[in-house]
Amino acid sequence: MRRPVIVAPMAGGPSTPELVIAAADAGAVGFLAAGYKTPAAMAAEIDAVRAGTAGQFGVNVFVPGIPSTDATSIAGYVSSLAPHAEAVGAALGEAIWDDDHLDEKIAILLADPPALVSFTFGCPPAALIAALSDAGCLVVVTVTDPVEAAIAAAAGADLLCVQGSEAGGHRGTFANDSATGEGHGLLPLLGEVADVTDLPQIAAGGIMGPGQVEAALAAGAAAVQCGTAFLRCRESGANPLYKDALVDPRYTTTGMTRAFSGRWARGLANGFMLEHGDAPAGYPEINNATRSLRAAAAGQGDTERMSLWAGQGYRSALDLPAGEIIAWLCGEGDGADPAGIGGRLP
């Protein structure tokens, strides 16, 4: 890496082969998001990146949790969403558990290994980490506290993606049992993790500008991972409504919610999130049930019923080529703001 920036995997559309290619061409590293995709779709995106760049890249996969044991609460919650579904002309899906095709995806990655494979929502077995390492991959595990970091280190991870509570999107916690979804702030967490393992750390969570990059590196991180900072970039596959919402004055803050997916995630505080603050845990069951509702809302331009994942500092997301954003994050060029980006912030 010529630049210590990783473009985060953002499942559901924002991560594209074009974004990963742009990151590699800028001397950074981008991740494809295999989450929610079929194994064939993941393989096709890997092929597209290889065709577009000789640079290194990574692929992120989800570690399946255990099925919920509270079917009654999940069913009651999903039933309460019927008026929302009716409003956008959608039929709610089944609240079913799945493993996101993990075994099939791993088989593809072992046969055609990228430089890095990262895991979110848990730590894979040591044997799987060893197999990926033998295939030539560096293995990254997302952690949100020192206990998870110690587990990942013991399992043989090469690097840790240390996710602070400022991060947008789903919390990468190993368990889905938190009462609030809040957790450790990024900078203190870097030190707490360093106390239990000396594995290199990738700092993630609300990093939107060069000052935050500098602070994370000074706190001991080997690199930073940014997602929200690239949501509005030219190569992002985020829905245009989603991109516009990041600068819409209607949305003034982010919050933690289980309303859309049954797992804590940080996003723009819209009507659906505020109405359903009591949503139960149940991932991926609730996520599967609401997928059609969210898609229909996007089709109708209804951002109040879309999951608008975003980290703190989301107002600094810019509509620029990814390569320019990467250079700016690294503070490169003449002066404190070499690309004049500060003047273009909303």
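Residues numbered from 1 in each chain as written. Predicted model: local features only at pLDDT ≥ 70, side-chain atom pairs only at ≥ 80, totals over all residues. Heavy atoms only, no water.

Q: Describe the packing of helix H2 (residues 39-52) against helix H5 (residues 102-111), with residues and values.
A: Direction vectors running N to C along H2 and H5 enclose 25°, while the axes themselves pass 9 Å from each other. In terms of axis orientation, H2 runs roughly parallel to H5. Handedness of the crossing formed by H2 with H5: right-handed. Across the interface between the two elements, Pro39, Met42, Ala43 and Ile46 from H2 touch Glu104, Lys105, Ile108 and Leu109 from H5. Grouping the constituent residues of the contact of H2 with H5 by class yields six nonpolar, no polar and two charged. (Axes fitted to C-alpha atoms, helices over the stretch in contact; angles between N-to-C directions. Helix = DSSP H or I, 4+ residues; strand = E, 2+ residues; numbered from the N terminus. Parallel < 35°, antiparallel > 145°, perpendicular 65-115°, else oblique. Left-handed = near helix turned anticlockwise from the far one by under 90°. Contact = heavy atoms within 4.5 Å. Nonpolar A, V, L, I, M, F, W, Y, C, P; charged D, E, K, R; others polar.)

Q: Pulling in residues and values, what's your account of helix H13 (residues 322-329)?
A: An α-helical segment advances 3.6 residues per turn. Residues three or four places apart therefore align on the same side. The buried fraction of H13 is high, at six of eight residues. Packed against the buried residues of H13 are strand S1 (5-7), helix H1 (17-25), helix H9 (210-218) and strand S9 (223-226). Trailing H13 by a residue or two, Gly331 shows a phi angle of about 65°, which is positive. (Buried < 20%, exposed > 50% of the residue type's maximum accessible area, 1.4 Å probe, protein only.)

Q: Outline the packing of aromatic side chains, listing residues and values.
A: Across all of its chains, the model carries five aromatic pairs by this definition. Look at Phe121 and Tyr283: their rings are 5.4 Å apart centre to centre, the planes differ by 70°, and that puts the pair in the edge-to-face class. Taken as a pair, Phe121 in the loop between strand S4 (116-120) and helix H6 (126-134) and Tyr283 in the loop between helix H11 (271-275) and helix H12 (285-299) lie far apart in primary sequence, 162 residues in all. Residues Phe121 and Tyr283 agree in their burial class; the two are buried. Their ring planes at 20° and their centres at 4.7 Å tell us that Phe260 and Phe272 sit as a pair that is stacked. With a gap of 12 residues between them, Phe260 in the loop between strand S10 (254-257) and strand S11 (265-268) and Phe272 in helix H11 connect regions that are remote in the sequence. (Phe/Tyr/Trp six-rings, centres within 6.5 Å; stacked < 30°, edge-to-face > 60°.)

Q: Please set out the sheet that holds S4 residue by residue, giving values where relevant.
A: Pairing is parallel around the closed barrel formed by eight strands, whose spatial order is S1-S2-S3-S4-S5-S6-S8-S9. The sheet shows a mean angle of 25° between the axes of neighbouring strands, direction not considered. As defined by bridge partners, strand S3 (residues 58-62) adjoins S4 across five bridges and the pair is classed as parallel. Residue Gly58 lies in a different strand from S4, and its bridge partner there is Leu116. Across the face of the sheet, helix H7 (residues 146-155) comes into contact with strand S5 (138-143) and strand S6 (159-163) while running at roughly 160° to S5. (Pairing = 2+ DSSP bridges.)

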